[in-house]
Amino acid sequence: MLLLDTASLYFRAFFGVPDSMRAPDGTPVNAVRGLMDFISRLTDEYRPTHLACCWDDDWRPQWRVDLLPTYKAHRVVEERPADPDVEEVPDPLQLQVPIIREVLAAWGLPVVGAPEHEADDVIGTLATGAGMPVDVVTGDRDLFQLVDDAAEVRVLYTARGVGRHERVTEDVLLEKYGVRADQYADFATLRGDASDGLPGVKGVGEKTAATLLGRFGDIAGIRAAAEDPAADMAPGVRAKVKEAAPYLDVAPRVVAVVRDLPVRDADLTLPTAPADPEAAAALTERWDLGSSATRLTEVLGSLGA
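Nothing here was measured: the structure is a model prediction, and the numbers come from that model.

Colleague: What exactly am I supposed to notice about the sheet that holds strand E7 (residues 153-157) here?
Modeller: Two modes of strand pairing occur in sheets, parallel and antiparallel, and in both the strands are linked by backbone hydrogen bonds. Taken in spatial order, the six strands line up as E5-E2-E1-E6-E7-E8 in an open sheet, and their pairing is mixed. The two strands at the open ends of the sheet, each matched to only one other strand, are strand E5 (111-112) and strand E8 (166-168). Contacting strand E1 (2-5), strand E2 (51-54), E5, strand E6 (134-138) and E7, helix H6 (residues 119-127) runs over the sheet at an angle of about 170° to E1.

Below you can see the structure in the form of structure tokens.
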């Protein structure tokens, strides 16, 4: 099964594919065609039987903001009390998101989202107890917490590009960060992440976070050790952990992906032909999807051969 962090991929396509790629009416389609090409490439390489284009129904859920107000705050361009806040997205990309949804529907590629939750939470739910090998495609390190060799869950990490993605397993995490996969969420909480508005524990970087987790196991163990005068913890680090108590009270829930959303009944069987050939043809003509459309159709067809 391939689980796609869809927004991560179409953002990468938008910034990586020339914006000279346009429809006959001048509308940019670089993100649309780039995403189609990414899906074709990944599907051809990994030959999945199931696939989900996981969607941010709410990119900044209020329940996470209530816990940690800084969460993704720097990306907000408009706050809306009754609906999800508006994320800062370049206008030429914003124009393409509805087209992307139409393309995915026409080709029958399953789109899965959940109210008040991010795509990460959908991915976490679908990857947990999937009953088959799972590859999570993302440029977001937060999803490293899902890696599980025993359950055959790994991350195809696209930070260097889809064509040069890295297959992240438990051994990779241990070698690169010095923590186990089941410790990664706590590691990310301690280290922080400016791109998500997570301040982390002040003065605790990756090396210190990994050392603390190696010594005390998890955040609960680290906090208990900070309160224990006999514990093997340097005075400076002890003070920093104590000072971060309000943050550590809430951040683990913000960082941890949800794994029990009611989305497991979705049919994620990968189609072997466009679900709506007429719509696919019309979209191809209107938006000049050209070789991207042809390639996607051919790759899907090859899965049924």
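Colleague: Can you help me understand helix H5 (residues 97-106) in this one?
Modeller: Restricting attention to buried positions, one finds in H5 the residues Val97, Ile99, Ile100, Val103, Leu104 and Ala106. Looking at the buried positions of H5, the neighbouring elements they touch are helix H1 (6-16), helix H2 (30-46), E2, helix H4 (91-94), E5 and helix H13 (277-287).

Colleague: Looking at this structure, how should I read the pattern of salt bridges?
Modeller: When the charged atoms of two side chains lie near each other, side chains of opposite charge can form a pair. For the coordinates displayed, the defined rule picks out 14 salt bridges. As a salt-bridge pair, Arg154 and Asp135 come within 2.5 Å of each other at their nearest N and O atoms. On the criterion of sequence distance, the pair formed by Arg154 in strand E7 and Asp135 in strand E6 is long-range, its members being 19 residues apart. Among the residues examined, Asp135 registers a relative accessible area of 10% and is labelled buried. It is possible to trace a salt-bridge network through shared partners that takes in Arg64, Lys72, Glu118 and Asp121.

Colleague: In this structure, what is going on with the domain arrangement of the protein chain? I would like to understand it.
Modeller: Note: interface size is frequently given as the accessible area lost on complex formation between the parts. Split by domain assignment, the protein chain resolves into domain 1 (2-173 + 258-304) and domain 2 (181-255). Averaged C-alpha coordinates put domain 1 and domain 2 at centres separated by 31 Å. In this assembly, 16 residues from domain 1 lie in contact with 18 residues from domain 2. Across the domain 1 to domain 2 interface the summed buried area is about 1500 Å²; carbon plus sulfur atoms make up 54%. It is Leu67, Leu68 and Gln145 in domain 1 that bury the most area against domain 2; as a group they hold 35% of the surface buried on that side. The tally of links between domain 1 and domain 2 comes to two salt bridges.

Colleague: Help me out: how do you make sense of the packing of aromatic side chains in this one?
Modeller: Two aromatic rings are characterised by how far apart their centres lie and by the angle between their planes. On inspection of all chains with the given rule, the structure shows nine aromatic pairs. Both rings, one in Phe14 and one in Phe15, keep their centres 5.0 Å apart while their planes meet at 80°; by these two values the pair is edge-to-face. Using a relative accessible area of 12% as the deciding quantity, one classes Phe14 as buried. Here the aromatic rings of Phe144 and Tyr177 are separated by 6.3 Å at their centres, their planes lie at 45°, and the arrangement is tilted. Of this pair, Phe144 sits in the loop between E6 and E7 while Tyr177 sits in helix H7 (residues 170-177), and the two are 33 residues apart along the sequence. As far as the burial class goes, Phe144 and Tyr177 line up, both buried. Every member of this aromatic cluster is reached through a ring pair, and the members are Phe144, Tyr157, Tyr177, Tyr184 and Phe187. Of note, Arg101 hangs over the ring of Trp55, and the distance from its end group to the ring centre comes to 4.5 Å.

Colleague: I would appreciate a short explanation of the packing of helix H9 (residues 206-216) against helix H10 (residues 219-226) in the present structure.
Modeller: Relative orientation and spacing of two packed helices are given, respectively, by the angle between their axes and the distance between those axes. Direction vectors running N to C along H9 and H10 enclose 85°, while the axes themselves pass 9 Å from each other. As judged from the angle between their axes, H9 and H10 are roughly perpendicular. Residue-level contacts link Leu212, Leu213 and Phe216 of H9 to Ile219, Gly221, Ile222 and Ala225 of H10. Tallied by class, the residues present in the contact of H9 with H10 amount to six nonpolar, one polar and no charged.

Colleague: Help me understand H10 in this model?
Modeller: Along an α-helix, residues three or four apart share an orientation, since each turn contains 3.6 residues. Within the sequence span of H10, burial applies to Ile219, Gly221, Ile222, Ala225 and Ala226. Taken end-on, H10 shows its buried residues confined to a sector of 160°, consistent with a single buried face. Considering only its buried residues, H10 is in contact with helix H8 (184-191), H9, helix H11 (235-243) and helix H12 (245-255). Between a side-chain oxygen at the N-terminus of H10 and the backbone nitrogen of Ala220 the separation is 3.3 Å; the capping residue is Asp218.

What counts, and where the lines are drawn
- As a convention, each chain's residues are numbered from 1 in the sequence order in which they are written.
- Residue-level local features of this predicted model are given only where pLDDT is at least 70; pairs of side-chain atoms are given and counted only at 80 or more, and the full residue set underlies all totals for whole chains, interfaces and linings.
- To obtain the side-chain values, all non-hydrogen atoms of the structure were included, while hydrogens and water were left out.
- Whether two strands pair comes down to DSSP finding at least two bridges between them.
- Here a strand is any run of E in DSSP of at least two residues, a helix any run of H or I of at least four, and the numbering for each starts at the N terminus.
- Contacts between residues were defined by any pair of non-hydrogen atoms, one from each residue, lying within 4.5 Å.
- Lines fitted to C-alpha atoms define the axes here, with helix axes fitted over just the stretch in contact, and angles between the N-to-C directions of these axes take values from 0 to 180 degrees.
- Burial classes: relative accessible area under 20% of the type maximum marks a residue as buried, over 50% as exposed, and values in between as partly exposed (1.4 Å probe, protein chains only).
- Each salt bridge in this description consists of a side-chain nitrogen of Lys or Arg and a carboxyl oxygen of Asp or Glu lying within 4 Å of one another.
- Note that the domain bounds reflect an automated or database-derived domain assignment.
- Buried area: the accessible area, evaluated with a 1.4 Å probe, that two parts lose upon being put together, summed over both parts.
- Ring pairs are drawn from Phe, Tyr and Trp, using the six-membered ring of Trp, whenever the two centres fall within 6.5 Å, and their geometry is named by plane angle: stacked under 30 degrees, edge-to-face over 60, tilted for the rest.
- Counted as over-ring charges are cases with an Arg CZ or a Lys NZ within 6 Å of the ring centre that also lie within 35 degrees of the ring normal.
- Small angles under 35 degrees read as roughly parallel and large ones over 145 as roughly antiparallel, with 65 to 115 read as roughly perpendicular and the rest as oblique.
- Classes in brief: Ala, Val, Leu, Ile, Met, Phe, Trp, Tyr, Cys and Pro nonpolar; Asp, Glu, Lys and Arg charged; the others, Gly included, polar.
- When we speak of the arc, we mean the arc of directions from the helix axis to the C-beta atoms.
- N or O atoms closer than or at 3.5 Å make up a polar contact, with two conditions inside protein: a donor-capable atom paired with an acceptor-capable one, and, for residues adjacent in sequence, both atoms drawn from side chains.

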